[in-house]
Amino acid sequence: VLLVYFIGKRLYSRKVGLLGSVLVAFAVLHIQLSHFFTVDSLLAFFVTLTIYFCVGIMQKADTGSIVLAGVALGLSLATKISAAPLALAIVTAFALYCATRKKDTQTLLKQVVTGLPLAFLAMGITFVITEPYAFLDYSQFIKDNLEQSGMVRGTADWPFTRQYINTTSYLYHVQQSTVWGLGLFLGLAAWGGLVYSVAVAFVRRRSPEILLLPWIIPYFLIIGAFQVKYLRYLLPMTPVLCLMASAMLFSFQDWLKGKWRLLAG
């Protein structure tokens, strides 16, 4: 909750961060899965932490933000390998830093050439320390991941996954999260915020949306295509979705105020 507030404050404004954190705090899915302490709750925290440090890279590209973003990414991958698309957020953060700085090309290139490998080095070291059996018993690690891959793709026939046969890709996640995971109002606002962010990123090329989308879009494209569609798979996305919903709602409020002034004037 606090991370969503700080991300929103740094990317948008204090009020956007505050509303985004409130939406996350009251999201049914987060409350439920935190109660049962599923692995996805831990993953959601580390993913959000990585994004927070990516904001630091985008704004300052300081060594602390770079290293800590790599550490947070390593912790995310050690928790669940499905966090791999999050690496795109770090790359995007460096690209945005370069695009918004009035420095000579050689200086910027030097920062990227040194900073990006540093982030991924920190990620690699963290992953080795926190998930050592990926290397100590790599054959079992690969076997376990392939087994889980077969389960979610439906190539392995397990009784408890048959409920998802013939469910519609992507739309099933949207429908279930809106009705059950977030509630109707927040669900519509969250997915509407995603559509709004995509539109803003393409039309206005605004940095906050450009930073957030390279994580959330690839991740959703991957998990949404799975035959097995556990609602908890959406948990690492929901902090960002709530933040996008908050930004959309305040933009709509500002639009209404502008229209009201025109009518009143």
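About the thresholds
- Within each chain, residues carry numbers counting from 1 in the order of the written sequence.
- Only residues with pLDDT of at least 70 get local features here, since the model is predicted, and only at 80 or more are side-chain atom pairs given and counted; chain-wide, interface and lining totals rely on the full set of residues.
- Side-chain numbers here rest on the full set of heavy atoms in the structure, without hydrogens or water.
- Secondary structure elements follow DSSP: runs of H or I of four or more residues count as helices, runs of E of two or more count as strands, with numbering from the N terminus.
- Any residue under 20% of the maximum accessible area for its type is buried, any over 50% is exposed, and the rest in between are partly exposed; the area is computed with a 1.4 Å probe on protein chains only.
- Residue contacts are counted whenever heavy atoms from the two residues lie within 4.5 Å of one another.
- Asp and Glu are treated as the negative residues and Lys and Arg as the positive ones, with His and the ends of the chain left uncounted.
- A charged residue contributes its charge at one atom only: NZ of Lys, CZ of Arg, CG of Asp or CD of Glu.
- Only buried Ala, Val, Leu, Ile, Met, Phe, Trp, Tyr and Cys residues count toward a nonpolar core, and they belong to the same one when joined by side-chain atoms within 4.5 Å.
- The axes are straight lines fitted to the C-alpha atoms, using for helices just the contacting stretch, and the angles between their N-to-C directions are given from 0 to 180°.
- Angle categories are assigned with fixed cut-offs, so that under 35 degrees is roughly parallel, over 145 is roughly antiparallel, 65 to 115 is roughly perpendicular, and the rest are oblique.
- Handedness of each helix crossing follows the sense of rotation of the near helix against the far helix: counterclockwise by less than a right angle gives left-handed, clockwise gives right-handed.
- Here the nonpolar group is Ala, Val, Leu, Ile, Met, Phe, Trp, Tyr, Cys and Pro; Asp, Glu, Lys and Arg are the charged ones; every other residue, Gly included, is treated as polar.
- For this analysis, a polar contact is any N or O atom pair within 3.5 Å, provided that within protein one partner can donate a hydrogen and the other can accept it, and provided that sequence-adjacent residues contribute only side-chain to side-chain pairs.
- For salt bridges, the criterion is a side-chain nitrogen of Lys or Arg within 4 Å of an Asp or Glu carboxyl oxygen.

What should I look at first to understand the overall build of the protein chain in this one?
On a plain count of helices and strands, the protein chain comes out with 13 helices and zero strands. In terms of overall dimensions, the protein chain has C-alpha extents of about 70 × 50 × 30 Å along its principal axes. In the protein chain, which comprises 265 residues, the proportion classed as buried is 46%. The long-range share in the protein chain, meaning contacts at least 24 apart out of those at least 6 apart in sequence, stands at 71%. Positive and negative charge centroids in the protein chain, built from 21 and 10 side chains respectively, lie 15 Å apart.

Is there a simple way to explain the nonpolar core in this structure?
Most often, soluble globular proteins have nonpolar side chains that are buried together. Counting residues in each nonpolar core, the largest one holds 70 residues, and the members touching the most others are I90, W215, I216, Y233 and M237. Once residues within four sequence positions are removed from consideration, W215 is found in contact with V47, I51, A83, P85, L86, A89, P236 and V240.

Even after reading the chapter, I still don't get the packing of helix α1 (residues 2–11) against helix α2 (residues 14–25), so can you show me in this structure?
To describe two helices that pack against each other, one gives the angle between their axes and the distance between the axes. At a closest axis distance of 7 Å, the pairing of α1 and α2 adopts a crossing angle of 155°. By the angle between their axes, α1 is roughly antiparallel relative to α2. Considering how the two elements wind past one another, α1 and α2 form a crossing that is right-handed. Residues V4, Y5, G8 and K9 of α1 touch α2, and the partners they reach there are R14, G17, L18, G20, S21 and V24. A class-by-class count of the residues in the contact of α1 with α2 yields four nonpolar, four polar and two charged.

What's the story with the packing of helix α4 (residues 39–59) against helix α5 (residues 63–79) in this structure? I'm lost.
Close contact between α4 and α5 brings their axes to 8 Å; oriented N to C, the two are set at 160°. Judged by the angle between their axes, α4 and α5 are roughly antiparallel. Along this stretch, α4 crosses α5, giving a crossing that reads as left-handed. Contacts between α4 and α5 involve V39, L42, L43, F46, V47, L49, T50, F53, C54, G56 and I57 on the former and, on the latter, S65, I66, L68, A69, A72, L73, L75, S76 and T79. Of the residues belonging to the contact of α4 with α5, the class tally is 15 nonpolar, five polar and no charged.

For this particular structure, what's the right way to read the side chain of T238?
Among the structural elements, T238 can be located in helix α13 (residues 238–264). Polar contacts involving the side chain of T238 include one to the main-chain carbonyl oxygen of L235, which spans 2.9 Å. Once residues lying within four places of it in the same chain are set aside, the contact partners of T238 are L29, H30 and L182.

For this particular structure, what's the right way to read the pattern of salt bridges?
It is possible for side chains of opposite charge to pair when their charged atoms get near one another. Summed over all chains, the structure comprises four salt bridges. One salt bridge in this structure joins K80 and D40, with 2.9 Å as the shortest N-O distance. With K80 in the loop between α5 and α6 (87–99) and D40 in helix α4, the pair connects residues that are 40 residues apart, well separated along the chain. Residue D40 is classed as buried on the basis of its relative accessible area, which comes to 0%. Residue R162 pairs with D157 through a salt bridge whose shortest N-O separation is 2.9 Å. One salt-bridge network, in which partners are shared between bridges, spans D40, K80 and R232.

Where do I start with the environment of G115 in this structure?
Relative to the elements of secondary structure, G115 occurs in helix α7 (residues 105–130). We classify G115 as buried; its relative accessible area is 4%. Between the C-alpha atom of G115 and that of F94, which follows or precedes it by 21 residues, the distance is 8.4 Å. Not counting chain neighbours up to four residues away, the residues in contact with G115 comprise I66 and F94.

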